[in-house]
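Structure at a glance
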Amino acid sequence: MNILITGGTGMIGHRLTELLIEKGHKVSYLSRKKEPISQVDVFQWNIQQGFIEEGALEKADYVIHLAGAGIADSRWTDARKKEIIDSRIQPIDLIDKYLQEKNIQLKGFISASAIGFYGGDTGTKQIDESSPAGNDFLAECTKLWESHAQKLNNAERKVFIRIGIVLSEKGGALPKLVQPIRYGVGAALGSGQQFMSWIHIDDLCRIFVKAIEDANMNGPYNAVAPNPVSNEEMTKTAAKILHKPLWLPNVPSFALNLVFGEMGIVVTGGNFVLNKRLSEETDFQYNFTNITDALSDLL
């Protein structure tokens, strides 16, 4: 099939592209710059100008929406919050407008989302797709993200992949976690007891492929491994794999909040999220179900 990806040059998009091509799908990108990429057709778009290059959506069977400003790249000022939200919903609205104007029907629109839908800190409560949305900034952002995608009339299916903490050696949370450990100054963050609902990047990308190939998938799915772990357990596991000692006390929450402000919830908050719909409604099988295997593979 023909798969059009927004945000395809990012960490998730890069690995997802490899898997899709391996399975025989044709991959295209919507990109701000029309630069050649091996085995990928690149179409230009300009969200501020409301422009999508002709031919991009006309050829697409599915659109995978990964574009969006990094949630933890800088402090959450009001301007930054607006940028984070706009970078997720404005591309959807532009695609929706183009589909309607050109009378194009997609087989499916598969949007990245996040477990932040449930809030940045839900403690030890077990969360699944039937759990209510939270009421903080992360929840507000994710609710808007999904609601704009849900309004797409010109897509037969709409699937929302609520992504947990993605583990990859090429970006995201893991390099930030292990860098101080490599230098011998690693430590758990905050209480260390906050749950981290993680997923290996290969399993995440396989879920996106599954959402394309399984016509029964609709609505939200939590993309997390079956066994969440505490921040302390993940830190200790990484240190053991890297053969590094952990001797420093935990980094206190007040210090993290002082540095990061409201964004501190990303590291001090925790969520125990279950992949209920994937496990009960599909035949999807994870390659990495425990943190030791996942970190050993990546580190």
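Please refer to the structure higher up on the page.
Below you will find a few notes about this structure. Keep in mind the model is a prediction, meaning the values are calculated, not measured. (Residues numbered from 1 in each chain as written. Predicted model: local features only at pLDDT ≥ 70, side-chain atom pairs only at ≥ 80, totals over all residues. Heavy atoms only, no water.)

Quick word on the overall build of the protein
Check the secondary structure of the protein and you find ten helices and 15 strands. Its C-alpha radius of gyration of 19 Å places the protein within 12% of the 19 Å reference for a compact globule of 299 residues. Its C-alpha atoms put the protein at 60 × 40 × 40 Å along the principal axes. Expressed as a percentage of the 299 residues in the protein, the buried residues total 54%. Partitioning the intrachain contacts of the protein with sequence separation of at least 6 by distance along the chain shows that 77% fall at a separation of at least 24. Charge-centre separation for the protein: the mean point of 31 positive side chains lies 2 Å from the mean point of 35 negative side chains. (Helix = DSSP H or I, 4+ residues; strand = E, 2+ residues; numbered from the N terminus. Rg over C-alpha atoms; globule rule 2.2 N^0.38 Å. Buried < 20%, exposed > 50% of the residue type's maximum accessible area, 1.4 Å probe, protein only. Contact = heavy atoms within 4.5 Å. Lys, Arg positive; Asp, Glu negative; His and termini not counted. Charge placed at Lys NZ, Arg CZ, Asp CG, Glu CD.)

Observations regarding the pairing of strand E1 (residues 2-6)
Along a regular strand, successive side chains alternate from one face of the sheet to the other. Counting buried positions along E1 yields four of five residues, so the element is predominantly enclosed. As defined by bridge partners, E1 adjoins strand E2 (residues 26-31) across five bridges and the pair is classed as parallel. Note on E2: the bridge partner recorded for Leu4 is Ser28. Handedness of the β-α-β unit built from E1, helix H1 (residues 11-22) and E2 comes out right-handed. Pairing analysis gives four bridges linking E1 to strand E5 (residues 62-65), with the strands arranged parallel. Note on E5: the bridge partner recorded for Leu4 is Val63. (Pairing = 2+ DSSP bridges. Right-handed = clockwise from strand over helix to strand, strands pointing away.)

Concerning helix H6 (residues 231-241)
Within the span of H6, buried status applies to Asn231, Met234, Thr235, Thr237, Ala238 and Ala239. Where H6 is buried, its residues touch strand E9 (165-168), helix H4 (173-182), strand E11 (195-196), strand E12 (198-200), strand E14 (229-230) and helix H10 (291-298). Where H6 terminates, the next one or two residues include His243, which has phi positive at roughly 55°.

Some points on the pattern of salt bridges
What the rule picks out here adds up to 17 salt bridges. Arg15 is the salt-bridge partner of Asp202, the closest N and O atoms lying 2.8 Å from each other. One end of the pair, Asp202, is in helix H5 (residues 201-213); the other, Arg15, is in helix H1, and 187 residues separate them in sequence. Judged by its relative accessible area of 21%, Arg15 falls in the partly exposed class. When the shortest N-O distance is used, the salt bridge between Lys97 and Glu101 registers 2.7 Å. (Salt bridge = Lys/Arg side-chain N within 4 Å of Asp/Glu carboxyl O.)

A short note on a nonpolar patch on the surface
A cluster of nonpolar side chains, namely Tyr183, Val185, Trp247 and Leu248, defines an oily patch on the protein surface of about 480 Å² accessible area. Inspection of the secondary structure puts Trp247 in the loop between H6 and helix H7 (253-260). For Trp247, a relative accessible area of 59% gives the class exposed. (Patch = residues over 30% accessible without salt bridge, like charges linked within 9 Å, V, L, I, M, F, W, Y side chains within 5 Å. Areas by Shrake-Rupley, 256 points an atom, 1.4 Å probe, with all protein chains shown as cover.)

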